[in-house]
Every structure is written in structure tokens, then in C-alpha cells.
Amino acid sequence: MTKSSSAYTVRISLIVALGGFLMGFDASVISGVVKFIETEFDLSKLELGWSVASLTLTSTLAMMVAGPMSDRFGRRKVLQVAAILYAISAFGSAVAPDFISLVVARMVGGFGVGASLILAPMYIAEIAPPGMRGRLVSFNQLNIVIGISVAFFTNYLILQLGESQADWTLTLGFEKWNWRWMLGLEFLPAVLFYGGLFLVPKSPRWLVMKGQTDQALIIMRQFTDIDDADKQINDAIQSIHEEKDEQKVKLTEFFKPAYRLVLVIGLVIAILQQITGINSVFFYAPMIFEQSGIGTDASFIQAILVGLTNLVFTVLAILFIDRLGRKPLLLFGLAGIAICMSLLAYGFGSATYQLTSDSIKELPTEFNREAISPMLQEVFQDDVSFKQALRKNLGEKDALTYESQLITAGITMNPTLILIGILGFVASFAISIGPVMWVLFSELFPIKVKGVAISFVGFFNSLVSYLVQQFFPWQLDTFGSSMTFFLYGLFAAVGLIFVWAVVPETKNKSLEELESILIKR
């Protein structure tokens, strides 16, 4: 393989992996928005959750149809449609006049998220020489993580520009329309992605599927040497013929007694990855940090640390997964999640809340200090009772508007514990069950049922992800921060026991060896 073909392969893979970047950005940019749309659109906690989780519903639907559509129309063409959907979503979200319009725009973006999640790694795998495939496909996962980090950073940057009072920022409305700029910024990389895809050739495997083997061979030779290109195209032709000859496996096949163990392992791991609360952090990080009383600006800064931690430990997982094995990483990560969630539960559980005449001096002049006077000097032992008292005295809208400042004024706790707990949780997730789950799925399920099995457990993974996003604001409001994080930690502890007792180590075992261990004939 020549240097020029290697560089070309990397360049094309990076363009396609922009789909992963947009997915990560689109998913987490909402974390900086929720604080502002809650008051502007006067949302209930369930409506706030819906503004976040609606994207996951449409992305799940897109994941189910993206594969068949790409088989019919081509990987590149469907990715271009995804780029257009990202751009429409970004623009529509930025100019949304009401809550319904915002949700619709987010749902449009969800179709782009689901399509790029499936098709970007698929395309890269189909063009990459075998020796580079693992590294190139990992570009997409890394770009998702980078997109999450960049969204946290740009949210903070826009917030700071809005507060700078510079003439140009006032002209562009960074202060008045901060959340609109946060969402609208995605339009630029979406357009870049769309334009870049015109430089991307059609997938050689897709061309083989369509009977255009000569064109497929010409394109494959751009990515690797002649002999390897010939071999890959011949392998693709043989594989496609074999697929046509095979009978399609029905979902009911997966429920036979022989597959019971892998079904249970797959379902538990799929649910466990989401039910330990990772998307409560990625989608609501500034909200969580604000609950510790550090204020809005500091909460956005700490959210950037969440993105960077996720990036670093995802890279470490890629480096260590083949050295240490899957099970040790899972056990280490789940233990870390349980410990960190317990730390968060303790930190929030030990907090007290008391407003005094001195502590509310820094509040804005328009704040109604007289309305809050019945609460002064009263000590509240938990965040739920404190927020209920705020609503009773201030009314729902003012309580939401000034919630962050009032928590900062009244809370007594150690916010460093919360930062350590959140970063430790993200690190534990990113080095273990986050990336390891997908590796396990590729190894655990026998080839005969692999496609239908991964689709089945992946559906439950997406469903639990949606539920976590939808109900997290309601959980905080109803049960309080301490109990919410305690429940996440409890799920992690139960998962730790399950992994230790049931999940086998798959490192250095052939797929045939694993099948003999897991499938009971």
C-alpha cells in the first residue's frame, strides 16, 4: 500500500467521520440550552425532558431504516441526506418560535443522528484495508466524543460572548439569543459535511451489490494496492452471493432455549450501559453542576471538563481493550460508576440550604426580596423541600428564573465532591461499558443470529437512553439529586455482580470457542 493511497484513505475516512462529530455535537449541545428554554417556553419538567429525548426517538427509527435505504440508494447519498437533516435541524432549532417547533426541529436532527451512527462506520469499514480497518473505524467513535466536547465548549463560549457586552456580540444577539446561537452553530459543520461528501466516492461494496464490479475495483484501487483491491472485491462478490443464498433469520430464532444465556447477557449489558445515567450527564451536565451551587458560568466550564474526560478515557479504552480484556474493564468501570454515584449521593445528601439577608444581596435588583422573606433563616435539609419553598413563595416562573442564583446563595456543601464524582463517573463509563458493550456484541452473538440480535438489544439500549433523558429533570425535581444518583449507583452495583458472575471473558477466544461456551445445544 503506497503512502498516497494510505493518505487518501485517511482523508476520506475523516470526511465521513464528520457524521460522528455532528452526532456527538447534536446530542450534547442541548445540555447548555435546557436552562434557558425552560423559562422562555415555561416548560414542565416532563416537557423539558421531551425537548432533550425527542431526538433519541427519531434517531432510533432512523437506525432501523438507514441500512436498507443505504442498500437501495447508496451509503454516500443517504449520508448526504443526513447532512441536510442536520442543517435543517440546526436552523429550525435556532429560529424556533415555540416549544413545538423546537421539538420538531430536534426530531428532524434525530433522523440525521441515527443515519450517520449506522452508515459512517459502515462506509469506512467497506473502504478500509484490513490492516487499517480498526483504527479508521475508531475515527467515528472518537469524532462522536470530540463532538460532545466541542458542544460543551461552544456553549460556554457563546455564554461568555453574551456577557461580554461587546458591540458586535450585542448586534448579533449573543446575550438575548444565547441558546439559539448554541443550537444554530451546528449549521456550519453540517454544510461542511455535505460539501465534503462530494469528494467521497461510492462504496465499492455497494457497487458490487449493484453489479458494477469494474467501477468498484477502480475505486478500491484508490484505497489500497492492486492485489489487495482485487482480493477485497472478489471477497465482496463471494460474500454477497452467500448472503443471497442464506435464509433470513427471524427474531424468534433468538428466543430459542439455546440462545437464552447470550440473550440475557446482551439485554442486561444493553440496559446497564444506559440505566447507570450516562446521558443524564451528557445531556444535562450544566444543570447538575448548578445544583451544587457553583453558578451558571462555572457549571458550563465544568461541563467542558466532562467532555475532555470522556475523550481521554475513550482513547484509553481503545488502547487497553485488547491488552487487558473486556471483563476486567467492565468490572473496573462498573465499580468506579457505583463508587462515584455513591459519592454524588453523599455530596448532595449532606447539603443544607439556608437563605439569609446577606446571602441574597448579590441577586439582581429586579428580584422580589420581599416575596422570599418567609424563607429567610429557615434551614432546609434537602433540595426538593428547598425548591418547593421557592415555588410557593416566588411562583413557578420566578423560582425557575432565579433557581441557580438562589441555590448558590443558600447551599452549604462541598462542590468539589460533585465535580470529582461526575468526572470519575464519566471516566469509568468511557473506559468500560461505553465502548466495551459494542465489542462484546460483535463477539457474543453467533453469526447466524448476529444481525437480528444486535438490532434487538440495540433497540432496548436506545429505549432506556430515551427514558433516562426524558425523566431525569422530573427525577431531580421529585426525588432530589441525592436519591437520583443513589439509584444510578445501585444499578451499577447490581450490574457489577452480574458481570462478575455471568459474563465470560471474550479476549483471545475465537467466535467458535465462544459459541461452544455460550450456546446450549
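Rules used throughout
- Residues numbered from 1 in each chain as written.
- Predicted model: local features only at pLDDT ≥ 70, side-chain atom pairs only at ≥ 80, totals over all residues.
- Heavy atoms only, no water.
- Helix = DSSP H or I, 4+ residues; strand = E, 2+ residues; numbered from the N terminus.
- Rg over C-alpha atoms; globule rule 2.2 N^0.38 Å.
- Buried < 20%, exposed > 50% of the residue type's maximum accessible area, 1.4 Å probe, protein only.
- Areas by Shrake-Rupley, 256 points an atom, 1.4 Å probe, with all protein chains shown as cover.
- Core = buried A, V, L, I, M, F, W, Y, C linked by side-chain atoms within 4.5 Å.
- Contact = heavy atoms within 4.5 Å.
- Pairing = 2+ DSSP bridges.
- Salt bridge = Lys/Arg side-chain N within 4 Å of Asp/Glu carboxyl O.
- Axes fitted to C-alpha atoms, helices over the stretch in contact; angles between N-to-C directions.
- Parallel < 35°, antiparallel > 145°, perpendicular 65-115°, else oblique.
- Nonpolar A, V, L, I, M, F, W, Y, C, P; charged D, E, K, R; others polar.
- pLDDT = per-residue confidence, 0-100.
- Patch = residues over 30% accessible without salt bridge, like charges linked within 9 Å, V, L, I, M, F, W, Y side chains within 5 Å.
- Polar contact = N/O pair within 3.5 Å; in protein donor to acceptor, adjacent residues only side chain to side chain.
- Phe/Tyr/Trp six-rings, centres within 6.5 Å; stacked < 30°, edge-to-face > 60°.

**Q** What should I look at first to understand the overall build of the protein chain in this one?
**A** Counting its secondary structure elements, the protein chain contains 26 helices and three strands. Relative to its length of 521 residues, the protein chain is compact, with a C-alpha radius of gyration of 25 Å against a globular reference of 24 Å. For the protein chain, the C-alpha atoms occupy an extent of roughly 80 × 55 × 40 Å along the three principal directions. The burial tally for the protein chain puts 55% of its 521 residues in the buried class. Only carbon and sulfur atoms are counted for the fraction: they give 65% of the accessible area of the protein chain, which is about 22,400 Å².

**Q** It is not clear to me how unusual backbone geometry should be interpreted in this structure. Could you clarify?
**A** Negative phi values dominate among residues other than glycine, just as trans dominates among peptide bonds. Here D42, not a glycine, exhibits a phi torsion of approximately 50 degrees, which is positive. Relative to the assigned elements, D42 resides in the loop between helix 3 (34–40) and helix 4 (45–73). The phi dihedral of Q377 falls on the positive side, at around 75 degrees, and the residue is not glycine. Mapped onto the secondary structure, Q377 falls in the loop between helix 18 (369–372) and strand 2 (379–380). Relative accessible area serves as the criterion here: at 49%, Q377 is assigned to the partly exposed category.

**Q** Teacher, can you tell me more about the nonpolar core here?
**A** Core analysis: the largest hydrophobic core is formed by 151 residues, its most contacted members being I12, V306, L355, L390 and I422. At eleven residues, helix 7 (residues 130–164) tops the list of elements feeding residues into this core. Those residues in contact with I12 that sit more than four places away from it in its chain are Y123, I127, L199, V200, P201 and F223.

**Q** What is the right way to look at the sheet that holds strand 1 (residues 352–354) in this model?
**A** Strands in a sheet are paired, the pairing made by backbone hydrogen bonds, and the direction either parallel or antiparallel. Spatially, the three strands line up as an open sheet ordered 2-1-3, and their pairing is antiparallel. Only two strands of the sheet have a single neighbouring strand rather than two, namely strand 2 and strand 3 (411–412). Sheet topology places strand 1 next to strand 3; two bridges connect them, and they run antiparallel. Pairing of T352 across the sheet is with T412, part of strand 3.

**Q** Mind showing me how you'd approach the pattern of salt bridges here?
**A** Any two side chains of opposite charge can pair, given that their charged atoms come close. In this structure the tally under the stated criterion is eight salt bridges. For E40, the salt bridge identified is with R180, shortest N-O distance 3.4 Å. A residue pair is termed long-range when its members are at least 10 positions apart, and E40 in helix 3 and R180 in helix 9 (residues 178–184) qualify at 140 residues. What makes R180 buried here is its relative accessible area of 15%. Residues R391 and E396 are paired through a salt bridge, measuring 3.5 Å at the closest nitrogen-oxygen approach. Relative accessible area serves as the criterion here: at 44%, E396 is assigned to the partly exposed category. Overlapping salt bridges, with partners in common, bring together R391, E396 and D477 in one network.

**Q** Is there a simple way to explain the packing of helix 16 (residues 296–324) against helix 17 (residues 326–349) in this structure?
**A** Packed helices, taken two at a time, are described by the angle between their axes plus the distance between the axes. Contact geometry for helix 16 and helix 17: axes closest at 7 Å, N-to-C directions at 125 degrees. For the element pair helix 16 / helix 17, the angle class is oblique. Along its contact with helix 16, which presents F320, I321, D322 and L324, the element helix 17 presents R326, P328 and L329. Across the contact of helix 16 with helix 17, the residue classes tally to five nonpolar, no polar and two charged.

**Q** How should I be thinking about the confidence of the model for the protein chain in this particular structure?
**A** As a note on interpretation, predicted positions should not be read in detail where pLDDT is low. Chain-level pLDDT for the protein chain is 86 on average; 92% of the residues reach the 70-or-more range. Taking the mean pLDDT of every element in the protein chain, the minimum, 60, falls on helix 26 (residues 511–518) and the maximum, 96, on helix 10 (residues 187–196).

**Q** Could you clarify how one ought to interpret the side chain of N178 in this entry?
**A** By secondary structure assignment, the location of N178 is in helix 9. Setting aside anything within four residues of it in sequence, one finds N178 in contact with F36, I158, L159 and G173.

**Q** Help me out: how do you make sense of a nonpolar patch on the surface in this one?
**A** Together, L46, F459, L463, L467, F471, W474, F479, M483, F486, L490 and V494 make up a nonpolar patch on the protein surface, roughly 950 Å² of accessible area in all. Within the residue set of the nonpolar patch, elements represented by two or more residues are helix 24 (450–479) and helix 25 (481–502). For the nonpolar patch, the element with the most residues is helix 24, which contributes six residues. One can find M483 in helix 25.

**Q** When you look at the side chain of T314 in this model, what are you seeing that I'm missing?
**A** Residue placement: T314 occurs in helix 16. Of the polar contacts made by the side chain of T314, one reaches the backbone oxygen of N310; its length is 2.7 Å. For T314, the contacting residues outside a window of four places in its chain are Q141, L142, V145 and A430.

**Q** Looking at this structure, how should I read the packing of aromatic side chains?
**A** Aromatic ring pairs are described here by two measures, namely the spacing of the ring centres and the angle between the planes. For the structure shown, the criterion picks out 18 aromatic pairs. When the ring of Y8 is compared with that of F223, the centres are 5.2 Å apart and the planes differ by 35 degrees; the resulting orientation is tilted. With Y8 in helix 1 (residues 3–16) and F223 in helix 12 (residues 213–223), the pair connects residues that are 215 residues apart, well separated along the chain. Relative accessible area serves as the criterion here: at 16%, Y8 is assigned to the buried category. Look at F223 and you get buried, because its relative accessible area is 0%. The interplanar angle of 75 degrees and the centroid separation of 5.7 Å between the aromatic rings of F41 and W179 together place this pair among those described as edge-to-face. Linking F41 in the loop between helix 3 and helix 4 with W179 in helix 9, this pair joins segments that are 138 residues apart in sequence.

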